[in-house]
Amino acid sequence: MRLLVLFMIAVCAVGVSAQAESPVIGDCPVFPPDNPWNTDISDYPVDPNSDAYIASISADGDEYLHADFGADPTYGIPYIVVDGAQPHVEINFTDYGDESDPGPYPIPAEAPVEAGGDQHVIAVDAEGCALYELYNAEWNGDGWDAASGAVWNLLSNELRPEGWTSADAAGLPIFPGLVRYDEIEAGAINHALRFTVSESQRAYIHPATHYASDNADSDLPPMGLRLRLRADFDVTEFTGMSRVILEALQTYGMIVADNGTSWFISGATDPRWDDEDLNQLKTVPGDAFEAVITAEIVRGD
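Within every chain, residues take consecutive numbers counted from 1 along the sequence as written. Totals for whole chains, interfaces and linings use all residues, but because this is a predicted model, local features are given only for residues with pLDDT of at least 70 and pairs of side-chain atoms are given and counted only at 80 or more. Excluded from the side-chain calculations are hydrogens and water; all other atoms, namely the structure's heavy atoms, are used.

## Observations concerning the overall build of the chain
The helix and strand inventory of the chain stands at five helices and 17 strands. Computation of the radius of gyration draws on C-alpha atoms, with the globule rule given as 2.2 Å multiplied by the number of residues to the power 0.38. Since a compact globule built from 301 residues should have a radius of gyration of about 19 Å, the 18 Å found for the chain is in line with a globular shape. Overall, the C-alpha framework of the chain stretches about 55 × 45 × 40 Å when taken along its three principal axes. For the exposure calls, accessible area comes from a 1.4 Å probe over protein chains only, and a residue counts as buried if that area is under 20% of its type's maximum, exposed if over 50%, partly exposed in between. Of all 301 residues assigned to the chain, the portion counted as buried reaches 54%. Numbering of helices and strands runs from the N terminus, with a helix taken as a DSSP run of H or I at least four residues long and a strand as a DSSP run of E at least two residues long.

## Considerations on the environment of S100
Relative to the elements of secondary structure, S100 occurs in the loop between β5 (91–93) and β6 (121–125). We call two residues in contact whenever any of their non-hydrogen atoms come within 4.5 Å of each other. In this structure S100 touches F93, A147, S148, G149, R160 and W164, once residues within four positions along its chain are discounted.

## Considerations on the pattern of salt bridges
The term salt bridge refers to a side-chain nitrogen of Lys or Arg lying within 4 Å of a carboxyl oxygen of Asp or Glu. For the structure shown, the criterion picks out ten salt bridges. Between R194 and D258 there is a salt bridge, with its nearest N and O atoms 3.6 Å apart. Here D258 lies in strand β14 (residues 254–259) and R194 lies in strand β11 (residues 193–197), a separation of 64 residues in the sequence. Per residue, the accessibility class of R194 equals that of D258, and both read buried. The network of salt bridges with shared partners includes D168, R194 and D258.

## Considerations on helix α4 (residues 240–251)
With twelve residues, α4 extends 17 Å from end C-alpha to end C-alpha; this agrees with the ideal 16 Å at 1.5 Å per step. Those residues of α4 that sit buried are M241, S242, V244, I245, L246, A248, L249 and Q250. Trailing α4 by a residue or two, G253 shows a phi angle of about 75 degrees, which is positive. Expected span of a helix, by definition, is 1.5 Å for each gap between consecutive residues, and there is one gap fewer than residues.

## What to know about empty space enclosed by the protein
Points on a 1 Å grid, built from protein atoms alone, make a cavity when a 1.4 Å probe fits but cannot get out and make a pocket when they are open with protein on both sides within 12 Å along at least 5 of 7 lines; residues with an atom within 4 Å of a point are the lining residues. Grid points are joined across faces, edges and corners, and a volume is the space filled by probe spheres set on the points. By the definition in use, this model includes one cavity of 30 Å³ or more. The calculated volume of the largest cavity comes to roughly 90 Å³. Three classes are used, and their members are as follows: Ala, Val, Leu, Ile, Met, Phe, Trp, Tyr, Cys and Pro are nonpolar, Asp, Glu, Lys and Arg are charged, and the others, Gly among them, are polar. Split by residue class, the lining of the largest cavity holds eight nonpolar, four polar and one charged.

## Quick word on helix α2 (residues 50–58)
Every buried residue of α2 is listed here: S50, Y53, I54, S56, I57 and S58. Looking at the buried side of α2, the elements it contacts are β11, β13 (226–229), β16 (289–292) and β17 (297–299).

## Remarks on the sheet that holds strand β9 (residues 144–146)
Hydrogen bonds between backbone groups are what pair the strands of a sheet, and the pairing can be parallel or antiparallel. With mixed pairing, three strands are arranged side by side in an open sheet as β5-β9-β8. Sheet topology places β5 and β8 (138–139) at the edges, where each strand pairs with a single neighbour. Here the rule is simple: two strands pair whenever DSSP picks up at least two bridges between them. When β8 meets β9, the two strands line up antiparallel, connected through two bridges. Considered in β9, the bridge of E138 is made with D145.

Okay, here's the thing in structure tokens:
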């Protein structure tokens, strides 16, 4: 009963939380202002299992925040912006075609591919307000081979079908959770961030729609779990880029989106990042965060 009451408080908070201006790309919002990615969670109730979640995330030995992006142009998750005239190409799905949105997608051959094993490819149609994302993608000469793919209407809050993945393990879009340099220049990030954990449980929380583990341990974080930097954590000691990121984490938090190194937050590839500035984040311990209640947990069979 206590958990239900806390959940209802969280639901009510969605309606009364002040909404900052929705992030934008070109002529398009990056989802509506009331989308979960853009929702202020600073007043959401703490999850009763918060301490256990935090401890499990740090259990692999990685106990501090880390920017998984930097000045190295091969670091971070790249994206390309296209317009309505961009030709569409066929997509050949190699693994999860039954949970992917069929092509064609307007992703050109020169679209950047994320370095490393995930090889994400992201294209944003900034006129048509659509987001196209591929996982484990490679240009094949006529189009793209990819393990999975998803198409998102940036004007809608619609989720993936229950149980479906996307280009991310949690069934979430990737682009809205990236730290982008233009946001830093503007002085504010008005959305939640994407981050990874080393182990997750066989469960998810909306807006996630997919789990990525067979582990039933309820102390492990489910996909879609939302963490918030505690209000009593003093961000005034930080400067520049790191200060902007930490302020966003106190207001919008970050969402478990994939399995990977714990506490790694995702950002867009950009050579203008200041690594020395971003290194301040490495002093922020995981126990400065708390899990909050945003929706019910959907557990795997």
